Structure formats: C-alpha cells, structure tokens
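Fold and geometry: a report
Given next are the chains, with one letter for each unit.
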Amino acid sequence: MAPARTQVRVPGSRPSLAMLGFLAVMAVVAVAAPFLVAGYEALNLSYALIFAIAILGLNILTGYSGQITLGHGAFLAIGAYASAIAQQKMGLNFLLTIPLAGVVCGLLGFAFGFPALRLEGIYLALATFALAVAAPTVLKKPEGITGGVKGIILPPVTSPTTLLTDDQFFYMICLSVAAVCFLLAWNILGGRTGRAFRAIRDGDIAAVSFGVNLASYKTLAFAISAFLAGIAGALYGIATGFVSADAYPFQLSILLLVGAVIGGLGTLEGALLGGFFSWYLPRFSQQALKNINTQLANAAPTVTQGVLLLVVMFVARQGIAGLIRSNIHRLRYPVQRDDGAPGDEPPPEQTGPL
Amino acid sequence: MTFFLQQLVSGLAAGGAYASLALALVLIYSAMGLINFAQGEFAMFATFIAWTLLVYLHVPYVLAFVLAIAFAMAGAAAIERLIVRPFERGPQLGVVIVTLALLSIVNGAAGFIWGYIPRAFPTPFPQSPVVVAGVYISIQDLGVIGVSMISLGLIYLLFNRTKLGLAMRTAALYPDSARLLGVSVGGMLAIGWALASGVGAISGIMLAPTLFLEPNMMQQVVIYAFAAAVLGGIESPLGAVVGGLLLGVVLAMVGAYVPALADLRLAVALLLIVGMLVVRPSGLLGQVHTRRV
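Read on for an overview of the structure. Not measured: the values here are computed from a predicted model.

Parameters and conventions
Residues numbered from 1 in each chain as written. Chains lettered and ligands numbered in written order. Predicted model: local features only at pLDDT ≥ 70, side-chain atom pairs only at ≥ 80, totals over all residues. Heavy atoms only, no water. Helix = DSSP H or I, 4+ residues; strand = E, 2+ residues; numbered from the N terminus. Rg over C-alpha atoms; globule rule 2.2 N^0.38 Å. Buried < 20%, exposed > 50% of the residue type's maximum accessible area, 1.4 Å probe, protein only. Contact = heavy atoms within 4.5 Å. Areas by Shrake-Rupley, 256 points an atom, 1.4 Å probe, with all protein chains shown as cover. Lys, Arg positive; Asp, Glu negative; His and termini not counted. Charge placed at Lys NZ, Arg CZ, Asp CG, Glu CD. Buried area = accessible area lost by both parts, 1.4 Å probe. Polar contact = N/O pair within 3.5 Å; in protein donor to acceptor, adjacent residues only side chain to side chain. Axes fitted to C-alpha atoms, helices over the stretch in contact; angles between N-to-C directions. Parallel < 35°, antiparallel > 145°, perpendicular 65-115°, else oblique. Nonpolar A, V, L, I, M, F, W, Y, C, P; charged D, E, K, R; others polar. Expected span 1.5 Å × (residues − 1). Bend = angle between axes of the 7 residues up to and from the residue. Patch = residues over 30% accessible without salt bridge, like charges linked within 9 Å, V, L, I, M, F, W, Y side chains within 5 Å. Salt bridge = Lys/Arg side-chain N within 4 Å of Asp/Glu carboxyl O. Disulfide = S-S within 2.5 Å.

1. Overview of the overall build of chain A
Helices and strands together make up the secondary structure of chain A, namely 14 helices and two strands. Over its C-alpha atoms chain A spans a radius of gyration of 21 Å, differing by no more than 12% from the 20 Å that the globule rule assigns to 354 residues. Reported as C-alpha extents along the three principal axes, the dimensions of chain A are approximately 75 × 50 × 45 Å. Looking at chain A residue by residue over its 354 residues, the buried ones come to 53%. Sequence separation of 24 or more characterises 78% of the internal contacts of chain A that already satisfy a separation of 6 or more. Accessible area for chain A stands at about 16100 Å²; split by element, carbon and sulfur atoms hold 67% of it. Separation of charge centres in chain A, based on 20 positive and 14 negative side chains, amounts to 6 Å.

Spelled out as structure tokens, the structure:
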C-alpha cells in the first residue's frame with residue numbers, strides 16, 4: 001500500500017509525534033546544557049541564542065517574505081541602546097527593557113518598511129546596506145543620550161538564586177526569550193500571515209491577485225523582523241554589559257546574513273543553527289589559527305565566513321536545514337527500488353528564497 | 001570666497017574618486033542588473049598591489065599604476081567567469097550573497113597579507129599648492145581630478161567610439177540578438193567586470209594618499225559611490241560621474257560650513273540613497289521604467 005501522501009511541512013502545521021519527541025529531547029538538552037559545560041561557556045551559549053533570535057528576525061524578512069536586508073545589525077544596535085537607556089535613565093529592571101526594546105525597534109522597523117515598499121530586490125539591499133554602514137556614526141552623535149564614543153555601561157546581571165551562577169541565570173533568560181520568540185514565529189508563519197509572506201516572496205503579482213495586501217504584509221514583515229532584532233539587541237547589550245555603537249559595525253549585519261544562509265533561509269531550524277554558526281564560527285576559526293600566525297588568525301573569521309558562504313551557495317543553497325530536510329525525506333522515501341515498487345514519493349518541491 | 005573655492009576643488013577631487021567607483025558599479029549594473037557589493041574591496045586590494053609594487057619593489061609610479069589596474073581587471077574577469085556566472089540568472093538574493101561573500105574574502109585576504117595597520121600611500125603629485133588668484137589649490141587635488149576625468153573619458157570613448165564598446169552595449173541591452181550576431185555575451189560580461197574593476201582601482205589609488213591604506217579603507221567610500229550612482233541614475237554612466245562630483249562637493253561643503261553634520265556624512269549619503277530611490281529611482285539622468293504592482 002502506498003504511504004499516505006506527505007504534506008510539505010510548514011511552520012504552524014500540527015507537528016508529528018516524532019517531531020514532538022525530538023523537540024522534547026532538544027528542550028531537555030537546552031536546559032541541561034549550561035550545567036554540562038565549563039562555567040564561562042554558558043555565556044557563549046547565551047550569545048548563540050541571542051544571535052539565533054536576531055537571525056530569526058532576519059529570516060522572516062529575507063527568508064520568508066523575500067525582502068533582502070543587509071541592515072539587520074542597525075536594529076540590533078537600536079535595541080541595545082533602547083534597553084540601555086531605559087535601564088540607565090528610567091531605572092527600569094533589565095527584564096522589562098527587553099520587550100520594550102522589541103517594541104521600539106518594531107515601530108522603527110514598521111516606519112522603515114514604508115520607504116522600503118518602493119524599493120525592490122537589489123535596491124532594498126543597497127538601502128539597507130547603507131543603513132548598516134551609517135547607523136554607528138548616527139548613533140554616536142547624540143552624546144547626551146547614547147554616551148557618544150564612550151557608550152553606556154550596564155550593571156552585570158546577577159543571579160537571584162544560589163542554584164544558578166550569574167552566567168547560567170542569564171542563559172536561562174535567553175533560552176526562555178528564544179523559546180517564546182520561536183514559538184511566536186512558528187505561529188505567525190504557519191497561519192495566514194506566513195502564507196502571505198511566502199506568496200509575496202514567490203511572486204508578488206500572483207500574491208496580489210489572490211488578495212494579499214502587499215503594502216501591509218511587507219511592512220508587517222519589517223516590523224516583526226525589527227521587533228526580534230530589538231529583543232536580540234537588548235539581550236546582546238545586557239550580555240556584554242556595555243553598549244557602544246562600534247559593537248554593531250556593518251560586518252555584524254553580514255555575519256547575521258551568513259548565519260541565516262548557512263543555517264538555511266526560510267526555515268525556523270535554520271535560524272537556530274545559524275545563530276550557533278554565526279557566533280561560534282568566527283571564534284573557532286580565529287582560535288584554530290592563533291598559534292600559527294596572529295595576522296592569519298585576525299583575518300580568519302572574515303575569510304572563512306566568505307568561503308563558507310560561497311560553498312553553501314554552490315552546493316547547498318537551502319543551507320544545513322535544507323540538507324537535513326532532504327536527507328530525512330530520502331530516508332523515509334528511498335528513491336526507486338530495483339523491483340520497481342510503486343508508491344515512492346519524489347522529494348517535495350522545495351520552494352525558497354534561493 | 002577663497003575658502004569656498006578651496007573646498008570646491010577638494011570636493012571635486014574626492015568627487016572624482018567617488019565618480020570612478022560609482023561608474024564601476026554602474027557599468028556592472030547596466031550590463032547585468034546586479035550590484036557588486038565587493039566593488040570597494042576589489043579597489044582596495046588593487047591599491048595594496050600598487051603599494052607593494054611601489055614601496056617594496058620600487059617600481060616607477062606609472063608602471064605600478066598600470067600593473068595594479070591590469071591585475072584588478074584580470075582578477076575581476078576571472079571572478080566573474082568562475083564564481084559569479086552560475087548565479088547571474090538566478091534570484092537577486094543569490095547574487096547579493098555571492099558578492100557579499102567576495103567582499104568578506106577579499107577584505108580578509110588583504111588583512112591577512114598586509115595586516116590592518118593603516119599605511120601611508122605615495123602620491124606622484126607635488127605636495128606644494130599652486131596659488132591661483134589668491135586661492136591655494138593643492139596639486140594633489142588637481143591631479144586626482146585630472147586622472148579621474150581622463151579615465152572616465154577613456155571609458156566613454158571605449159563605449160561610444162569602438163567596436164568592442166558597441167558589442168558590449170549590445171550584449172547588455174539585447175543579449176539574444178547579440179548572440180545571433182556572433183557577440184560572445186559571456187565574454188562581454190567578463191570584460192565589463194574587468195573595466196569596472198579597473199576604474200574602481202583608479203579610485204582606490206587616487207584616494208589612498210588622503211585616506212591611508214588599510215583593508216577597510218573603501219567601506220565608507222563605497223557608500224558614497226552607491227549614493228553617487230543612485231543620485232545620477234544607476235543605469236546612467238554619465239549620471240554616475242555627475243552624481244559623484246556633486247556628492248563630493250556637497251560633502252565637502254557640509255564638512256566645511258556645517259561642522260555639526262561633519263560626522264554625519266554617511267547619514268547624509270544614506271538619506272540621499274533612500275530619498276532618491278523613493279522619489280526618483282531612475283536618478284537625475286536615468287530613464288524611467290515602469291512596472292505594474
């Protein structure tokens with residue numbers, strides 16, 4: 001008997017039992033992780049999760065709704081400043097500043113979405129690239145508010161319980177925030193909004209003729225993306241304990257895009273993988289070459305990210321997530337057996353931004 | 001008034017360099033509809049080649065200049081053939097990612113070979129200024145303006161007065177007809193990349209004495225070049241030149257007369273890019289295209 005026809009799994013569709021089991025194991029691993037690694041590694045894991053949230057935002061804009069952004073780092077910077085200023089000037093608890101930064105960035109992203117409506121494809125890439133390069137100099141300008149070149153120093157996060165070290169406590173915060181963000185994204189992308197995003201990406205004229213309001217969905221994608229960037233930026237600032245515009249150069253925007261592409265554009269698991277990639281890749285490549293040659297080690301992160309990006313573009317445009325997906329599919333439905341048994345499904349047509 | 005004229009000349013000199021890099025972007029855009037985000041890095045790398053020839057190998061300036069440009073052209077043509085080609089017809093995001101990858105690789109490679117310490121770059125022009133009617137004008141600035149204008153003029157002649165230029169324009173505008181007429185469209189694209197990289201290299205070599213040479217030298221310049229290209233019309237070579245000169249003068253005047261905005265020149269460029277793209281995407285001198293939805 002032929003196996004039931006598989007549906008192309010989209011976020012938001014009812015997860016299978018195997019998927020739920022896998023997610024449960026992942027959740028246990030995620031909670032246990034900071035206790036299994038050396039103390040300071042918990043902070044690195046936190047950074048990776050923060051990058052995952054940022055890349056999730058980038059992915060919704062570029063991977064799902066097909067609008068190229070090279071300026072995501074600018075929104076991270078704004079989120080970090082929003083959080084730092086709210087803590088320093090308004091005395092807010094740092095936990096409260098995280099959603100606040102998200103909302104501030106979301107509104108700004110929504111506003112930037114309007115001129116962006118008139119820019120298509122490559123023009124949008126150009127405008128956001130300029131945004132990423134210009135943002136640090138602009139943010140440094142109002143010294144009274146942003147602290148200028150000196151930046152803003154934040155108090156370190158301290159754990160309220162002796163069960164957790166400060167780093168472990170902060171990791172748990174990042175993990176919870178990331179879990180909420182990914183769950184939200186799963187819901188948004190699985191429903192009407194997600195379908196509208198993908199329709200716009202795959203053919204805007206067709207989307208319009210099916211009744212998708214191009215302007216509102218495109219600006220919405222910008223707002224959601226910037227909202228997530230703001231949250232990631234706030235966490236990043238708190239993690240570093242210091243917010244300065246120079247921590248958000250345009251290379252950060254490129255690094256986030258690299259993570260999104262290597263992880264797999266247009267997939268949620270790609271965003272998570274991408275977060276880990278874009279945080280650990282520069283460190284590993286620099287560390288690996290440190291003993292050989294300092295100059296080589298300093299140049300290593302940029303070169304490796306470029307080379308890996310090219311490799312992914314040439315051999316696996318769907319990124320690691322795409323590779324995993326197609327392999328799972330191949331295991332489930334092996335290609336044409338010799339006895340010519342019927343019922344083997346061809347791999348589902350993968351649509352994606354690339 | 002003399003102050004104004006001095007600012008004007010130095011603005012035009014910077015503008016000439018922006019114009020060259022903007023022209024590089026426009027050449028590739030009008031041939032293939034893509035923006036090479038690595039253009040500035042190509043120029044930086046070629047400038048390092050020139051520096052190595054001049055300082056380490058003591059090659060005469062003119063020869064080093066020519067060799068660096070030749071290197072830039074050959075390198076860019078090879079990159080176009082080997083790396084960019086498979087993505088030309090695909091989605092725009094793919095090409096953007098590939099040129100960003102090139103940006104990272106070239107930037108990192110320069111950092112590895114030459115390090116990140118800013119270096120002084122020799123200039124062939126005398127340092128002492130000339131005095132014209134009470135106005136001190138640096139010969140360096142005049143030289144940069146001259147070199148930029150000569151190279152831009154040569155590009156103009158190549159496109160409008162030679163058979164190769166005609167073939168390149170045909171390949172860009174009507175690729176299918178060009179193929180039927182025996183023009184190698186792929187070859188023309190590679191030549192387009194080579195030319196773009198060549199004028200970009202001139203821009204880098206002209207700017208290096210004032211900016212100091214290091215791997216991130218061109219990162220701000222490339223934004224000015226984008227702004228210049230968008231200002232003049234990203235499909236119009238003449239527009240790129242006009243836009244570059246205009247931008248150079250505007251930025252010099254902003255720096256001189258509105259000191260509060262001097263650090264915000266990048267933001268001015270950003271506003272120009274977004275504003276122009278929203279209000280008049282075809283630029284000052286470009287042709288208007290229409291598309292529904």
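2. Some thoughts on the overall build of chain B
Assigned secondary structure in chain B consists of 11 helices and two strands. Counting from the amino terminus, chain B carries its helices and strands in the arrangement α-α-α-α-β-β-α-α-α-α-α-α-α. Over its C-alpha trace chain B gives a radius of gyration of 19 Å, about what one expects of a compact globule, namely 19 Å for 293 residues. If you line up chain B on its principal axes, its C-alpha atoms span 60 × 50 × 35 Å.

3. Observations regarding the interface of chain A and chain B
Taken together, the 48 residues of chain A in the interface contact 49 residues of chain B. Note on chain A versus chain B: buried area summed over both sides is about 4300 Å², and carbon and sulfur give 79% of it. Sorting the residues of chain A by area buried against chain B places Ile122, Tyr123 and Leu126 of chain A first, and these three jointly supply 16% of that buried surface. At the junction of chain A with chain B, the criterion picks out six residue pairs in polar contact (both at pLDDT 80 or more). The set of elements that each furnish at least two residues to the side of chain A that touches chain B consists of helix H5 (121-140), helix H9 (204-209), helix H11 (250-263) and helix H13 (294-315) of chain A.

4. Here we look at the side chain of Asn36 of chain B
All names here are of chain B. Here Asn36 is to be found in the loop between helix H1 (2-32) and helix H2 (39-56). Classification of Asn36 as buried rests on a relative accessible area of 0%. In this structure the side chain of Asn36 is engaged in a polar contact, spanning 2.9 Å, whose partner is the backbone nitrogen of Ala38. Here Asn36 is in contact with Leu25, Ile28, Phe42, Thr99 and Trp193, once residues within four sequence places are set aside.

5. Observations concerning the packing of helix H7 (residues 166-190) of chain A against helix H8 (residues 192-202) of chain A
The packing of two helices is summarised by the inter-axis angle and the distance between the axes. Residue and element names in this part refer to chain A. Put simply, H7 and H8 touch, their axes get as near as 3 Å, and they point 70 degrees apart. Judged by the inter-axis angle, H7 sits roughly perpendicular to H8. Taken together, the residues of H8 that come into contact with H7 (itself represented by Ile188, Leu189 and Gly190) are Arg192, Thr193, Gly194, Arg195, Phe197 and Arg198. Broken down by class, the residue content of the contact of H7 with H8 amounts to three nonpolar, three polar and three charged.

6. Focus: helix H12 (residues 268-290) of chain A
Note that an α-helix has 3.6 residues per turn; residues three or four places apart therefore point the same way. All names here are of chain A. Compared with the 33 Å implied by 1.5 Å per residue over 23 residues, the 34 Å span of H12 between its first and last C-alpha is a close match. Along H12, the sharpest change in direction is near 35 degrees and occurs at Tyr280; proline Pro282 comes one to four residues later. Within the span of H12, buried status applies to Leu268, Gly270, Ala271, Gly274, Gly275, Ser278, Trp279, Tyr280, Leu281, Pro282 and Ser285. The elements touched by buried residues of H12 are helix H2 (41-64), H7, helix H10 (214-240), H11, H13 and helix H14 (319-332). Sitting at the head of H12, Thr267 places a side-chain oxygen 3.1 Å from the backbone nitrogen of Gly270.

7. Comments concerning unusual backbone geometry
When glycine is set aside, most residues are seen to have a negative phi, and most peptide bonds are trans. Residue and element names in this part refer to chain B. The phi dihedral of His58 is positive, around 55 degrees, even though this residue is not glycine. As for its placement among the helices and strands, His58 is situated in the loop between H2 and helix H3 (61-84). You will see that Phe212, though not glycine, has its phi angle at about 70 degrees, which is positive. Here Phe212 shows up in the loop between helix H8 (185-211) and helix H9 (218-232). Residue classification places Phe212 among the partly exposed residues on the basis of a relative accessible area of 42%.

8. Side note on the environment of Ile200 of chain A
All names here are of chain A. Structurally, Ile200 can be placed in helix H8. As for Ile200 and Lys218, which are separated by 18 residues in sequence, their C-alpha atoms are 8.2 Å apart. Once residues lying within four places of it in the same chain are set aside, the contact partners of Ile200 are Ser65, Ala207, Val212, Leu214, Tyr217 and Lys218.

9. Quick word on a nonpolar patch on the surface
A contiguous nonpolar patch, built from Met1, Phe3, Phe4, Leu5, Tyr257, Val258 and Leu261 of chain B and spanning about 640 Å² of accessible area, is present on the exposed surface. Mapped onto the elements of the fold, Phe4 of chain B is located in helix H1.

10. Observations regarding the state of the cysteines
Residues and elements named next belong to chain A. Summed over the entire model, instances satisfying the criterion amount to zero disulfides over all chains. Between Cys105, a cysteine without a disulfide, and Cys181, which holds the nearest cysteine sulfur, the sulfur-to-sulfur distance is 12 Å. There is no disulfide at Cys174, and the cysteine sulfur nearest it, in Cys181, is 10 Å away. Judged by relative accessible area, Cys174 falls into the buried class, the value being 0%.

11. Examining helix H4 (residues 94-117) of chain A
Residues and elements named next belong to chain A. Here H4 contains 24 residues, and its C-alpha end-to-end distance of 34 Å stays within 8% of the 34 Å for a straight helix at 1.5 Å per residue. When we look at burial in H4, the residues that qualify are Phe94, Thr97, Ile98, Ala101, Gly102, Cys105, Gly106, Gly109, Phe112, Gly113 and Ala116. A distance of 2.7 Å separates the backbone nitrogen of Leu95 from a side-chain oxygen at the start of H4, and that oxygen is part of Asn93.

Purely geometric stuff here, so don't read any function into it on its own.
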